[in-house]
Amino acid sequence: MGVEQKLGNMGMVTTTLEQFVNWSRTRAMWPMLFGLACCAIEMMSAQAAHYDMSRFGMELMRASPRQSDLMIVAGRVSRKMGPILRRLYDQMPEPKWVVAMGDCASCGGVFNNYAIHQGVDELVPVDVYVAGCPPRPEALIHGIVTLYEKVNGEKFTDYTDS
Amino acid sequence: MATTVSTKSVDLSTIFPDAVIADERKGYTGWLVEKDNLIEIATYVREELDYDLLSSVTGVDYLPEEKMEVVYQVYKTTGGPGLFFKVQIPREDPMEIPSVINIWPGADLQEREIWDLYGIKFPGHPDLRRILTWEGFEGHPMRKDWQEPFYEEETKPFKSRWPKGEHIHAEEINPYHDNLKFPPKFNPENWTPTDPEEALYTSLKKFTTKNEDGLEAEQIIVNMGPQHPSTHGVFRAVVVLDGEKVVSLKPVMGYLHRNHEKIGERNTYLHNMPYTDRLDYFNSMANNWAYALAVEKLMGIEVTERSEYIRVIMSELTRIQNHLVWVGIFLNDLGAVVTPLLYAFEERELILDIFEEVSGARMMCNYYRFGGVVRDMPVRAFEKLKQLVYDRLPGKIEEFERLLSENEILLSRVKGIGYLSAKDAIATSMTGPMLRASGVPYDIRRAEPYGIYDRFDFDVVTRPECDLYARYHVRIEEMHQSLRILEQAVSTIPEGPILPKKPVYQVRVPAGEAYGRIESPKGELGFYVISNGKPNPWRYHVRAPSFINITALEKMCVGEKIADFVAILGAIDIVLGELDR
């Protein structure tokens, strides 16, 4: 079911501005090119021809945080990397979202020791957690589609409060 | 250089009767060398005995004996077994051992790592800074008496969290703040952070140039990474530039450091197997093999015939997919954004399908076991494998060659860039395709065959050019050789059991030391394991090719343009999981 079925005889669609903005945000969400560890390879696989994440409007990975909307934290975050990750997040323009990809980014995973942040949510607010070590590309795509559902439900007032 | 001493009967203790004794601890080999004579003996080993490749330097903390030990493992690039010698010092600060960096420059980063993790100083090392942790880090984490701030238990298997069917939270055993330890003399109230970067910038070469008009040109310092699209993860290089020309360069690493080795000493032997997958995450099968090899040496067990063939098949498939992806990423670094990578990933997915069918996982295979592999190869996977090896891959690799090898844009970017002579490559302990691209025919599959590689017919690929072009060609040609090995292995694989006996969770490993090394797609991957007879390894060291191949980065980059730095780094083929461990 595409937009053409919703078109009336006049070739128009009526919707709310909020819904329209959210819809357009999900259709061109640019992730930041930011690979940390093993999960980054699966992130690359998800972008490659076989899984083709660009079906979901994500063919562009931006290397600069200032041009990206979504940070996929793909891998373990060490204590040395922590401040840098936070700085990158702060450089991203609003609205911005974070996907914690894999067990390490979600909760420290198998690396339970002094050198690793036990979950990237110690540093930045996380919207979607994707489980797996590493998650399959399908799992990552599912995580992103889940994020779209969240974005579709966002209200303008969520941003005006802060 | 001619030598009168044959490889097998090198007896250091007769050559240096006062300074060397044989290491006669049970299960150990090699020589114990006096600290004061180290330089003299090392020079002799290098110059007279021709052990030109310093494979690995590592520290061991013998806490019960109150001793600290540094182990040197040296090999000949002409092949044959290695020579191990060790220096023991009393375990009290300041611990000092003279640096061998002037004899084997490849010791550079490894000595820095020992200083960082063990706190042994190396007088004579020009730039002894922390490498994996940061300046200002308190203590040396690999020491056996160093405890992390939120210390839980010493070794696995940990006590059950469900003792009588009731769950216990970790915080109930160790309440928060009770187990929090601060370093001595540390007061969090009036702590002022020092700049961890200061030592780094002072270590860089300084320069100012004046032209004939007296105009002074200033140096520019560029930080590439840790978040940079071409550093393959979280690698960082600090580059001093004169215009566009690289004057000095320091690699900065540790942004993915999780102290793999400390975790390894906490785990049991089998526990470590899945952790090795996460070292070099492109080649999990190869990592498994190197670790299994070391532990099998310690246990003294044989690998079953069918498993040996499966191991070779998986390891060569790994090599092909690693090199394919390398070509894709390398072209990406040169500016051919994404398209070659898409081609490479297409083939990679097919190889990963086979991995998934045999092991259940695409990337983190955890497939090898001590004495064999975990389960047999399904018939369907074998059929797929044959189709890949005979039909699909040869044509696809040729397609890569057809598209790239004569490509003018590629050639103008790679020819004559990143020169590293054979002498320098050996001195800086380069291994793998990097060394072979400098014209040194050193391949562990030939130099010291492991598994059943002595049964297969293949060529060791070398190129004489010593530049990026050679590195590209060596990898392309190695894929053809891997296919040759695969064809032989697929046609001769026997039926039979895959494990010598029933699989067990807890293996019994007798006391001793073992060094297992393989030719991983990136270079020499070695695991140095010391057992004291307990369920956990006493020392578990990874000789990571990505880490040691970085040693020559500055040498290759100085004098080149900054844009070529990206290509040179890409050609080394680093993986950060292995580099930072």
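By convention here, each chain's residues receive numbers from 1 onward along its written sequence. Here the convention is simple: chains get letters from A, ligands get numbers from 1, in the order in which they are written. Local features in this predicted model are restricted to residues of pLDDT 70 or higher, and side-chain atom pairs are both shown and tallied only at a pLDDT of 80 or more, whereas totals for entire chains, interfaces and linings draw on every residue. In computing side-chain values, all of the structure's heavy atoms are included and hydrogens and water are not.

## Describing the interface of chain A and chain B
Bring the parts together and some accessible area is lost; that lost area is often taken as the interface size.
Point 1. Throughout, a contact is declared for two residues whenever any of their heavy atoms are within 4.5 Å. With 36 residues of chain A at the interface, the matching set in chain B holds 39 residues.
Point 2. Only one rule defines a salt bridge in this text: a Lys or Arg side-chain nitrogen within 4 Å of an Asp or Glu carboxyl oxygen. Between the two partners, chain A and chain B, sit two salt bridges.
Point 3. Among the salt bridges present, the one from E42 of chain A reaches R362 of chain B, with a minimum N-O distance of 2.8 Å.
Point 4. As used in this structure description, the phrase polar contact means that two N or O atoms lie within 3.5 Å; if the pair is within protein, one of them must be able to donate a hydrogen and the other to accept it, and residues adjacent in sequence are counted only when both atoms belong to side chains. On the surface where chain A and chain B come into contact, there are 15 residue pairs in polar contact (both at pLDDT 80 or more).
Point 5. Those elements giving two or more residues to the side of chain A that touches chain B turn out to be α3 (38–47) and α4 (82–91) of chain A.
Point 6. No other element matches the six residues that α3 of chain A contributes to the side of chain A that touches chain B.
Point 7. In terms of residue class, the side of chain A that touches chain B is made up of 24 nonpolar, seven polar and five charged. Think of it this way: any DSSP run of H or I at least four residues long counts as a helix, any run of E at least two long counts as a strand, and we number them from the N terminus. Under the scheme applied, nonpolar residues are Ala, Val, Leu, Ile, Met, Phe, Trp, Tyr, Cys and Pro; charged residues are Asp, Glu, Lys and Arg; polar residues are all the others, including Gly.

## Remarks on a nonpolar patch on the surface
All names here are of chain A.
Point 1. Patch membership is restricted to residues that have no salt bridge and whose relative accessible area is over 30%. Joining uses 9 Å for like charges and 5 Å for the nonpolar side chains Val, Leu, Ile, Met, Phe, Trp and Tyr. Only the protein chains shown count as cover for residues, and the accessible areas themselves come from Shrake-Rupley with a 1.4 Å probe. A surface patch of nonpolar side chains, amounting to about 420 Å² of accessible area, comprises L17, F20, W23 and F156.
Point 2. In terms of residue count, the dominant contributor to the nonpolar patch is helix α2 (residues 17–27) (three residues).
Point 3. Tracing the chain through its elements places F156 in helix α7 (residues 156–160).
Point 4. Accessibility here uses a 1.4 Å probe with only protein chains present; expressed as a share of the type maximum, an area under 20% marks a residue as buried, one over 50% as exposed, and anything in between as partly exposed. By relative accessible area, which is 32% here, F156 ends up partly exposed.

## With respect to the sheet that holds strand β2 (residues 97–101) of chain A
Residues and elements named next belong to chain A.
Point 1. The strand order β1-β2-β3 describes an open sheet built from three strands, whose pairing is parallel. With partners counted over all chains shown, the strands left at the sheet margins are β1 (70–74) and β3 (128–130), one partner each. If you compare each strand with its neighbour and ignore which way they point, the axes differ by 20° on average.
Point 2. Two strands qualify as a pair provided that DSSP identifies no fewer than 2 bridges between them. Pairing of β1 with β2 involves five bridges; the strand directions are parallel. Bridge pairing links I72 to V99 in β2. Between N-to-C directions, angles cover 0 to 180 degrees, with each direction set by a line fitted to C-alpha atoms, over the stretch in contact for helices.

## A word on the packing of helix α11 (residues 379–404) of chain B against helix α16 (residues 468–492) of chain B
All names here are of chain B.
Point 1. Packing of α11 against α16 leaves a shortest axis separation of 11 Å and a crossing angle of 160°. Considering their axes alone, α11 and α16 lie roughly antiparallel with respect to each other. The handedness of the crossing between α11 and α16 is left-handed. Contact residues: α11 offers F382, L385, K386, V389, Y390, L393, P394, I397, E398, F400, E401 and L404, while α16 offers Y472, I476, M479, H480, L483, L486, E487, V490 and S491.
Point 2. Looking at the contact of α11 with α16, its residues break down into 15 nonpolar, two polar and four charged. What sets the label is the angle itself: under 35 degrees gives roughly parallel, over 145 gives roughly antiparallel, 65 to 115 gives roughly perpendicular, and the rest give oblique. In this scheme the handedness of a crossing depends on how the near helix is turned from the far one: anticlockwise by less than a right angle means left-handed, clockwise means right-handed.

## Examining the environment of V303 of chain B
Point 1. As for its position among the elements, V303 of chain B is in the loop between α8 (284–299) and α9 (305–334).
Point 2. Once residues lying within four places of it in the same chain are set aside, the contact partners of V303 of chain B are E296, E308, R311, G371 and G372 of chain B.

## Thoughts on the domain arrangement of chain B
Residue and element names in this part refer to chain B.
Point 1. Per the annotation, domain bounds derive from an automatic or database assignment of domains. By domain assignment, chain B separates into domain 1 (12–118) and domain 2 (260–580).
Point 2. Across the boundary between the two partners, domain 1 contributes 35 residues, which contact 28 residues of domain 2.
Point 3. The term buried area refers to how much accessible surface (probe radius 1.4 Å) is lost by two components on association, counted for both of them together. Looking only at domain 1, the three residues that lose the most surface to domain 2 are L53, T77 and L109, adding up to 20% of its buried area.
Point 4. Put simply, E513 and K86 hold a salt bridge, and the shortest N to O gap is 2.9 Å.

## A closer look at helix α10 (residues 339–359) of chain B
Point 1. Expected span of a helix: the number of residues minus one, times 1.5 Å. The terminal C-alpha atoms of α10 of chain B lie 30 Å apart, and with 21 residues this matches the ideal 30 Å at 1.5 Å per residue to within 8%.
Point 2. Phi for G360 of chain B, located one or two positions after α10 of chain B, is positive at around 95°.

## Describing the sheet that holds strand β12 (residues 245–252) of chain B
Remark on secondary structure: sheet strands pair via backbone hydrogen bonds, oriented parallel or antiparallel.
All names here are of chain B.
Point 1. Across the sheet, which stays open at both edges, the three strands sit in the order β10-β11-β12 with antiparallel pairing between neighbours. Each edge of the open sheet carries a strand with a single partner, namely β10 (220–224) and β12. Taking the axes of each pair of neighbouring strands and ignoring which way they run, one obtains an average angle of 20° across the sheet.
Point 2. Examined bridge by bridge, strand β11 (residues 236–242) and β12 share seven bridges and lie antiparallel to one another. Each residue of the ladder has a partner; that of A237, found in β12, is P251.

## Quick notes on the pattern of salt bridges
Residue and element names in this part refer to chain B.
Point 1. For the structure on display, the rule yields 45 salt bridges over all chains.
Point 2. A salt bridge links E316 to R445, with the shortest nitrogen-to-oxygen separation between them at 3.3 Å. Within this pair, whereas E316 is found in helix α9, its partner R445 is found in helix α15 (residues 444–447), the two being separated by 129 residues in sequence.
Point 3. By relative accessible area, E316 is classed as buried at 0%.
Point 4. With relative accessibility at 3%, the residue R445 sits in the buried group.
Point 5. One network of salt bridges, with partners in common, ties together E316, R319, R436, D443, R445, E478 and E519.

## Let's talk about the environment of L32 of chain B
Residues and elements named next belong to chain B.
Point 1. Secondary-structure assignment places L32 in strand β2 (residues 31–33).
Point 2. Look at L32 and you get buried, because its relative accessible area is 16%.
Point 3. Aside from chain neighbours lying at most four places away, what touches L32 is A19, V20, I21, D23, R25, E69, K86 and Q88.

## Thoughts on the nonpolar core
Point 1. Judged by nonpolar contacts, the single largest core of 204 residues is most densely connected at Y72 and M314 of chain B.
Point 2. Split by domain, this core shows at least three residues from each of two domains, domain 1 (12–118) and domain 2 (260–580) of chain B.
Point 3. Not counting chain neighbours up to four residues away, the residues in contact with Y72 of chain B comprise L38, L54, S56, V57, L83, F84, F85, V87, I97, P98, V100 and F122 of chain B.
Point 4. The next biggest cluster of nonpolar side chains, apart from the first, holds 23 residues, and it includes C39, A40, M58 and M61 of chain A. We call a set of buried Ala, Val, Leu, Ile, Met, Phe, Trp, Tyr and Cys residues a nonpolar core when their side-chain atoms join them within 4.5 Å.

## Focus on the confidence of the model for chain B
Point 1. The predictor rates its confidence in each residue with pLDDT, a number between 0 and 100. This prediction gives chain B a mean pLDDT of 85; 96% of its residues lie at or above 70.
Point 2. Ignoring residues within four places in sequence, the model shows residues 1–8 of chain B, a span with pLDDT below 50, making 10 contacts including any to other chains.

## Some points on helix α3 (residues 107–118) of chain B
All names here are of chain B.
Point 1. Helix length check: α3 (12 residues) gives 15 Å between terminal C-alpha atoms against 16 Å at 1.5 Å per residue, within 8%.
Point 2. Judged by how many residues are buried, α3 sits mostly within the fold: 11 of 12 residues are covered.
Point 3. As for α3, its buried residues are in contact with β3 (53–62), β4 (67–75), β7 (120–121), α6 (260–266), β17 (539–543) and α17 (545–549).
Point 4. In the segment just after α3, G119 is the residue with positive phi, at about 75°.

## Side note on the side chain of S45 of chain A
Point 1. By the secondary structure assignment, S45 of chain A is in helix α3.
Point 2. Those residues within four positions of S45 of chain A in sequence are excluded, and the remaining contacts are Y51 and P137 of chain A together with F345, R348, E349 and R362 of chain B.

## Details of the confidence of the model for chain A
Point 1. Looking at chain A, the pLDDT average stands at 85 and 92% of residues meet or exceed 70.
Point 2. Looking at the elements of chain A, mean pLDDT is at its lowest for helix α1 (residues 3–6) of chain A, recorded as 65, and at its highest for β3 of chain A, recorded as 92.

## Re unusual backbone geometry
Point 1. Residue P95 of chain A is bonded to the preceding E94 of chain A through a cis peptide linkage, with omega at -5°.
Point 2. Its place among the elements puts P95 of chain A in the loop between α4 and β2.
Point 3. Cis rather than trans, the peptide bond between C133 of chain A and P134 of chain A has omega equal to -10°.
Point 4. Relative to the helices and strands, P134 of chain A resides in the loop between β3 and α6 (137–152).
Point 5. Positioned with a positive phi, S429 of chain B is a non-glycine residue whose angle comes to about 60°.
Point 6. On the secondary structure map, S429 of chain B appears in the loop between α13 (422–427) and α14 (433–436).
Point 7. Residue S429 of chain B is classed as buried on the basis of its relative accessible area, which comes to 0%.
Point 8. At D573 of chain B, a position not held by glycine, the phi torsion is positive, near 65°.
Point 9. Positionally, D573 of chain B belongs in the loop between α19 (562–572) and α20 (576–580).
Point 10. Given the relative accessible area of 6%, D573 of chain B is considered buried.

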